[in-house]
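Each chain, written out:
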Amino acid sequence: MHNPSKTFRIALVALALAMPALVSAQTLRFGLAEDPDILDPTLARTFVGRIVFAALCDKLFDIDEKLNIVPQLATSYQWSADSKALTIKLRQGVTFHDGEKLDAAAVKFNIERHKNMAGSNRKGELAPVTSVDVVDPSTVRLNLSAPFSPLLAQLADRAGMMVSPKAAQGEGEKFGTKPVCSGPFRFVERVAQDRIVLERYPNYWNKAEIHLDKIIYLPIPDSTVRLANMKSGQLDFIERVLPSDIPSLKSDSRFKIARITEIGYQGITVNVGKSELA
């Protein structure tokens with residue numbers, strides 16, 4: 001069984017970029033190896049879903065190109081002397097895609113949602129967090145039952161993604177069909193097995209660094225078809241290139257191959273709680 005990384009960036013084993021198309025267009029067409037599962041960071045679990053979330057949902061922390069954990073929606077943090085409380089200062093002026101303000105109360109809502117929502121895949125990641133305190137509108141404190149060094153790494157992935165409390169409460173179980181986060185791009189539409197469309201959020205806190213108007217994610221499971229679409233100009237960016245295709249891409253000046261070290265692991269999970277096989 002493949003288990004995707006707890007913390008990783010959008011870079012994968014191999015990325016191929018059609019440079020001329022990207023430079024001239026304001027829409028990035030991204031070929032995915034599969035269709036993501038639900039676009040709710042509390043419930044999501046697929047690898048490709050994390051690629052879409054990178055544009056849709058900012059996190060409290062991020063991981064830079066040298067694999068250092070750095071603040072994103074946070075600006076700073078401090079551990080208590082006994083390492084059982086993490087105090088986080090939040091970035092000012094951040095809003096969700098529905099215009100709601102991201103503050104300490106919103107962070108508290110999200111952490112508690114991750115921990116308590118039925119079906120949450122973040123519950124185990126945040127198990128040591130016993131409570132969340134709103135210190136002031138821009139400061140939140142996570143209280144732990146015991147020191148837990150992976151917490152920052154967890155908050156650099158889906159456990160650290162913040163969604164709009166207003167939208168999450170209003171949509172309930174349907175929230176994942178129209179997610180509202182605080183990333184550089186906001187949700188427009190999704191057609192299962194066909195496309196996911198995001199558009200630039202004009203009030204993004206770091207909008208000067210965003211140079212695209214739209215991203216269209218297109219799930220194309222067949223790697224040969226995915227590569228052919230890029231070569232024909234139908235895609236600008238694809239993930240998971242077959243090793244056998246690398247030599248021909250390297251010899252083609254239209255494309256650029258990127259290999260980037262990431263944090264991830266492969267594993268087999270055994271359910272020791274079952275008394276017999278189903």
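Residues numbered from 1 in each chain as written. Predicted model: local features only at pLDDT ≥ 70, side-chain atom pairs only at ≥ 80, totals over all residues. Heavy atoms only, no water.

(A) A look at the side chain of Asp40. Here Asp40 is to be found in the loop between strand 2 (27-32) and helix 2 (47-56). Within the structure, Asp40 has its side chain in polar contact with the backbone nitrogen of Thr42 (distance 3.0 Å). Within the structure, Asp40 has its side chain in polar contact with the side chain of Arg113 (distance 2.7 Å). The contacts of Asp40, once residues within four sequence positions are left out, are Phe53, Arg113, Met117, Phe175 and Gly176. (Helix = DSSP H or I, 4+ residues; strand = E, 2+ residues; numbered from the N terminus. Polar contact = N/O pair within 3.5 Å; in protein donor to acceptor, adjacent residues only side chain to side chain. Contact = heavy atoms within 4.5 Å.)

(B) Quick peek at the nonpolar core. Counting residues in each nonpolar core, the largest one holds 59 residues, and the members touching the most others are Leu60, Ile88, Leu142, Leu155, Leu198 and Tyr217. The element best represented in this core is helix 2, accounting for seven residues. Contacts of Leu198, omitting those with residues within four sequence positions, involve Val52, Ala55, Leu56, Phe185, Arg186, Phe187, Val188, Asp213, Lys214, Ile215 and Tyr217. Judged by nonpolar contacts, the second largest core, of nine residues, contains Ile220, Leu235, Val241 and Ile246. (Core = buried A, V, L, I, M, F, W, Y, C linked by side-chain atoms within 4.5 Å. Buried < 20%, exposed > 50% of the residue type's maximum accessible area, 1.4 Å probe, protein only.)

(C) Representation of the sheet that holds strand 7 (residues 129-136) in the model. One open sheet accounts for four strands, arranged 5-6-8-7; its pairing is antiparallel. The open sheet terminates on both sides in strands that have one partner only, identified here as strand 5 (74-79) and strand 7. For this sheet the average axis-to-axis angle between neighbouring strands, irrespective of direction, equals 20 degrees. Pairing geometry for strand 5 and strand 6 (residues 85-90), over five bridges, is antiparallel. By the bridge assignment, Tyr77 is partnered in strand 6 with Ile88. Together, strand 6, strand 7 and strand 8 (139-144) form the strand contacts of helix 3 (residues 104-116), whose direction differs from that of strand 7 by roughly 170 degrees. (Pairing = 2+ DSSP bridges. Axes fitted to C-alpha atoms, helices over the stretch in contact; angles between N-to-C directions.)

(D) Seen up close, empty space enclosed by the protein. Counted according to the given criterion, the structure contains two cavities of 30 Å³ or more. Taken together, Ser223, Arg226, Leu227, Ile238, Glu239, Arg240, Val241, Leu242 and Asp245 form the lining of the second largest cavity. Sorting elements by how many residues they give to the lining of the second largest cavity places helix 6 (residues 223-231) first, with three residues. Residues that form the lining of the second largest cavity fall into these classes: four nonpolar, one polar and four charged. (1 Å grid on protein atoms, 1.4 Å probe; cavity = no way out; pocket = protein on both sides within 12 Å on 5 of 7 lines; lining within 4 Å. Points joined across faces, edges and corners; volume = space filled by probe spheres on them. Nonpolar A, V, L, I, M, F, W, Y, C, P; charged D, E, K, R; others polar.)

(E) Molecular detail of a nonpolar patch on the surface. A surface patch of nonpolar side chains, about 380 Å² in accessible area, is lined by Ile268, Val270 and Val272. Relative to the helices and strands, Val272 is located in the segment after strand 13 (255-258). (Patch = residues over 30% accessible without salt bridge, like charges linked within 9 Å, V, L, I, M, F, W, Y side chains within 5 Å. Areas by Shrake-Rupley, 256 points an atom, 1.4 Å probe, with all protein chains shown as cover. Salt bridge = Lys/Arg side-chain N within 4 Å of Asp/Glu carboxyl O.)

(F) Representation of the pattern of salt bridges. Under the criterion given, the structure shown has 18 salt bridges. Glu199 is the partner of Arg186 in a salt bridge, and the nearest nitrogen-oxygen pair spans 2.9 Å. Of this pair, Arg186 sits in strand 9 (residues 185-191) while Glu199 is found in strand 10 (residues 195-200), placing the two residues 13 residues apart along the sequence. Among the residues examined, Arg186 registers a relative accessible area of 26% and is labelled partly exposed. With a relative accessible area of 29%, Glu199 lands in the partly exposed category. The residue Arg254 makes a salt bridge to Asp252 at a minimum N-O spacing of 2.9 Å. On the accessibility criterion, Arg254 (39% relative accessible area) is partly exposed. Each of Glu34, Glu239 and Arg240 takes part in a single network of salt bridges with overlapping partners.

(G) Here's a closer look at the state of the cysteines. Summed over all chains, the structure comprises one disulfide. One disulfide in the model links Cys57 with Cys181; its S-S distance is 2.0 Å. Disulfide Cys57 to Cys181: torsion about the S-S bond roughly 50 degrees, handedness right-handed. Note that Cys57 is positioned in the loop between helix 2 and strand 3 (61-63) and Cys181 in the loop between helix 5 (165-171) and strand 9, a separation of 124 residues in sequence. For the pair formed by Cys57 and Cys181, the shared burial category is buried. (Disulfide = S-S within 2.5 Å.)

(H) Representation of helix 2 within the structure. In terms of burial, helix 2 is a largely internal element, nine of the ten residues being buried. Of all the positions in helix 2, only Phe47, Val48, Gly49, Arg50, Ile51, Val52, Phe53, Ala55 and Leu56 are classed as buried. Buried residues along helix 2 sit against strand 2, strand 9, strand 10, strand 11 (214-219) and strand 12 (237-239).

(I) Spotlight on the pairing of strand 7. Here strand 7 pairs with strand 8 via six bridges, running antiparallel. Opposite Val129, over in strand 8, you have Leu144 as the bridge partner. Hairpin remark: strand 7 followed by strand 8, antiparallel, with two residues in the connecting loop.

(J) Highlighting helix 3. Between the first and last C-alpha of helix 3 there are 18 Å, a value that for 13 residues agrees with the 18 Å anticipated at 1.5 Å per step. Buried residues along helix 3 sit against strand 6, strand 7, strand 8 and helix 5. You can read the cap of helix 3 off the contacts: a side-chain oxygen lies 3.2 Å from the backbone nitrogen of Ala105, and it is on Asp103. (Expected span 1.5 Å × (residues − 1).)

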